[in-house]
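Residues per chain are reported as follows:
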Amino acid sequence: MAMGRTPMQLQIRSVDHALVLKPAGRLAADTHEQLKVAWLNDSDWKYLIVDLSETQFIDSIGLATLVSGLKTARQRGGDLLLVNTTNSIRIILDLTSMNRVFQTMPSIEEALLWVSAQ
Amino acid sequence: MGLGAMNSHSDTATDDNEERIFQLEAELEAMTAALAQAWDQLVPFLQAAPTHAETTRDIAPLLESIMAAVDAPMGIVYLVPHDDKSAEVFALPADVVSLSALQKHLDELISTGKPVHISSIVAWNSKPTHWMFTPMLVDNRVVGAIGVGLDDKHREFSAADARLVLRMTERVSSQMVAADLAASKAREAKLAHELQIAGLIQRSIQPPSEPEIPGLEVAADWKPAASVGGDAWGWVFQPSGRLACFMVDVAGKGLPAALAAVSLHTALKMVLRLDYSPVEVLRTVNHEFYDVYTSAGILATATVVAFDPATGNVEQANAGHTPSLVRQSGEWRRWKATMPPLGVLEDVEPTPQCAQLSDGDLMLLYSDGLSEIETDDGWWLDEGLVRAAPESDSSWSARQIINAILDAAHDVRAGKPLHDDQTIVGIRYRAGAKPSTLHMLTIAATYEALEGLKPFIIGVVEPAPEKTLSQIMLAVHELCANIVEHAYAGSEGEIYIEADHDAERLWFLIRDAGPHTYQAPDYVAAPDPSSLPESGWGIYILHRVMDKVEYRRLSAGNEWFLEKRISR
């Protein structure tokens, strides 16, 4: 019984002023850097939309990465939106009260609509 | 001559004596003042001189001070050949006279150990010079000479000059000894430091605790010898549910043996985790290490044993190690090596040794440091271990049996220091042990390996509400991530997790063997979300989720106890 590693797969796309990121797998201490590199390598966005529908697990390091993204977005005059938060994601947001800090949206479409209205 | 004339004569003599005394006192006072002045000038030179003098150039400042003390324009330092160094000469001015012109006089000084005066030596500028050489003595052995030279034919070195140069040379000789001692001490300190590192390395791979598994009692003891050796033991819970124990002994002492033991220990654990049998493990490791061991001249013995606690089956493979001892139904059997030590042959086909244990049966693995104890009648050997083991009695635990053997070995040694590491592992089978709800997991201390926590925690926590499962998963993950980052901080290691439950609570015991400690406060405040913190969440989450969090530092590593009240 081998414990295989599940690296995080990351989908990235740009829509207008938003960078849409979809991490699939674990957003944790061993995978979080991929997310950061993605937004640092792109200078055209103002809003980050993180689709968590396929994120199976997030730990405090993953959460810290999202906070870092939020700070970066605000420095650019924008924001970071969390979309499709699963039960396990809401667990850590509730435990840390960071659910009061992050904006959450039920879908990508609604997130993009909100961005276009800003 | 009349009395008046006699009195006049004696008065004159007295006056002369008094005058002479005054004169001598004045000269003595002048000499003392001159010496004091010279010493005042010399002390700063001496204090500025190097404390470690090895070559002539190291003590050149002292030569200059000696020259200044006796007002000599020339000086030479000569060191006799020693160790693998040839004779060394340093002159001020450089090359003022040739060594060949001085050699026979220096040879006389070396053989007699007494100062020599040399006259009419022609200097580089064709001027005649005369010299005074004083031997440098260390433990009554001539290690060199200090020479001062004059090119003024009207001046000679005085007795005071000779005494001053003699005292100064004694000081230089002491510094030369200090330089030798310092070099020796530096070498010894380096060796001691290397041995200390080797000792830490060897200690780091010994398991911090014995495995606990229903059906088996395991007890072990490892005693390092005064000089660092290559003994080590380990254990792994294999995926198939077997408990594998192993012991290695790398030939040699010090850092090389310790490093070889570490790599072998790690390799055995990694391969055992792949659920290989003892035979497959030794065959694989031997093949992988053959080239390295051959080129480095390394030899290592190893025994690997796998126990199935559910059935009592045991299987062993032994590569040149001391024979394992198996006691079945009161009868002892010796399981000898079935292949040579690792690294001797590239490809081997070890023969497995198997048995079906019954309740109370015992197996002993040990290193030759325990069996090769010299007694008045010869060597203790495994017969000594057998005699020392208590009679087959189910009331004796594996720990009690090991301790009885160790006590006997200690008595046989009669206070003599250990010349080799002593390692022993005892495994006692307990058939029909009550099934336990205890879950155990060993994972590597890496972020990637933490993924293995999920199935383990599911197995422990279910059936519990999904929210409870997610919270516990997160809390245990955060603690283990903390262990990876802080307890091990980049070094290799493992995390040992035990979990159990009853109707009302769930608990975890998490241990590491990391070199770093924690500050584990009883209360952890939540980071302020509005400040957008990027750290400080991990231990806070642990305390939020768990009802009890306790920490203690072990002799080697850390231990956390977590408890959560649950309803099932």
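Up top you'll find the structure we're talking about.
The structure reproduced in this document is the subject of the present report. Keep in mind the model is a prediction, meaning the values are calculated, not measured.

## Digging into the overall build of chain B
Part 1 of the reasoning: Each helix and strand counted, chain B has 12 helices and 22 strands in total.
Part 2 of the reasoning: Counting the 568 residues in chain B, one finds 47% classified as buried.
Part 3 of the reasoning: Within chain B, residue pairs in contact and separated by at least 24 positions form 66% of the contacts whose partners lie at least 6 positions apart.
Part 4 of the reasoning: For chain B, the computed accessible surface area is about 27800 Å², with 53% contributed by carbon and sulfur atoms.

## Some remarks on the interface of chain A and chain B
Part 1 of the reasoning: In this assembly, 30 residues from chain A lie in contact with 26 residues from chain B.
Part 2 of the reasoning: Buried surface at the junction of chain A and chain B, both sides included, amounts to about 2400 Å², of which 66% is carbon and sulfur.
Part 3 of the reasoning: Taken together, chain A and chain B are joined by zero salt bridges.
Part 4 of the reasoning: Seen at the junction of chain A and chain B, the total is four residue pairs in polar contact (both at pLDDT 80 or more).
Part 5 of the reasoning: Secondary-structure elements contributing two or more residues to the side of chain A that touches chain B are strand 4 (55–58), helix 2 (60–75) and helix 3 (87–96) of chain A.

## As for helix 9 (residues 398–413) of chain B
Residues spaced three or four apart along an α-helix face the same direction, because each turn holds 3.6 residues.
Residue and element names in this part refer to chain B.
Part 1 of the reasoning: Over its 16 residues, helix 9 extends 23 Å from the first C-alpha to the last, a length consistent with the 22 Å expected when each residue adds 1.5 Å.
Part 2 of the reasoning: Residues of helix 9 that are buried make contact with strand 6 (216–223), strand 11 (324–328), strand 14 (362–366), helix 7 (368–371), helix 8 (381–388) and strand 17 (422–429).
Part 3 of the reasoning: Downstream of helix 9 by a residue or two, Ala414 has a phi angle that is positive, lying close to 50°.

## Concerning unusual backbone geometry
All names here are of chain B.
Part 1 of the reasoning: Along the chain, Leu92 connects to Pro93 via a cis peptide bond; the corresponding omega equals -15°.
Part 2 of the reasoning: When you line up the elements, Pro93 lands in the loop between strand 2 (88–92) and helix 3 (99–112).
Part 3 of the reasoning: The phi angle at Ser329 is positive, at roughly 50°, despite the residue not being glycine.
Part 4 of the reasoning: Note on Ser329: relative accessible area 62%, which makes it exposed.
Part 5 of the reasoning: Phi at Ala489 is positive, roughly 50°, even though this residue is not glycine.
Part 6 of the reasoning: Residue placement: Ala489 occurs in the loop between helix 11 (466–488) and strand 19 (494–501).

## Section: the sheet that holds strand 9 (residues 300–307) of chain B
All names here are of chain B.
Part 1 of the reasoning: The strand order 7-8-9-10-13 describes an open sheet built from five strands, whose pairing is antiparallel. In this open sheet, the two strands that pair with only one neighbour each are strand 7 (231–237) and strand 13 (353–356). Between one strand axis and the next, the sheet turns through 15° on average, direction left out of account.
Part 2 of the reasoning: For strand 10 (residues 313–319) and strand 13, the ladder comprises four bridges, and the chain directions are antiparallel. Residue Val314 lies in a different strand from strand 13, and its bridge partner there is Ala355.

## Some words on a nonpolar patch on the surface
Part 1 of the reasoning: A surface patch of nonpolar side chains, about 230 Å² in accessible area, is lined by B:Leu299, B:Val344 and B:Leu345.
Part 2 of the reasoning: With relative accessibility at 38%, the residue B:Val344 sits in the partly exposed group.

What counts, and where the lines are drawn
- Residues numbered from 1 in each chain as written.
- Chains lettered and ligands numbered in written order.
- Predicted model: local features only at pLDDT ≥ 70, side-chain atom pairs only at ≥ 80, totals over all residues.
- Heavy atoms only, no water.
- Helix = DSSP H or I, 4+ residues; strand = E, 2+ residues; numbered from the N terminus.
- Buried < 20%, exposed > 50% of the residue type's maximum accessible area, 1.4 Å probe, protein only.
- Contact = heavy atoms within 4.5 Å.
- Areas by Shrake-Rupley, 256 points an atom, 1.4 Å probe, with all protein chains shown as cover.
- Buried area = accessible area lost by both parts, 1.4 Å probe.
- Salt bridge = Lys/Arg side-chain N within 4 Å of Asp/Glu carboxyl O.
- Polar contact = N/O pair within 3.5 Å; in protein donor to acceptor, adjacent residues only side chain to side chain.
- Expected span 1.5 Å × (residues − 1).
- Pairing = 2+ DSSP bridges.
- Axes fitted to C-alpha atoms, helices over the stretch in contact; angles between N-to-C directions.
- Patch = residues over 30% accessible without salt bridge, like charges linked within 9 Å, V, L, I, M, F, W, Y side chains within 5 Å.

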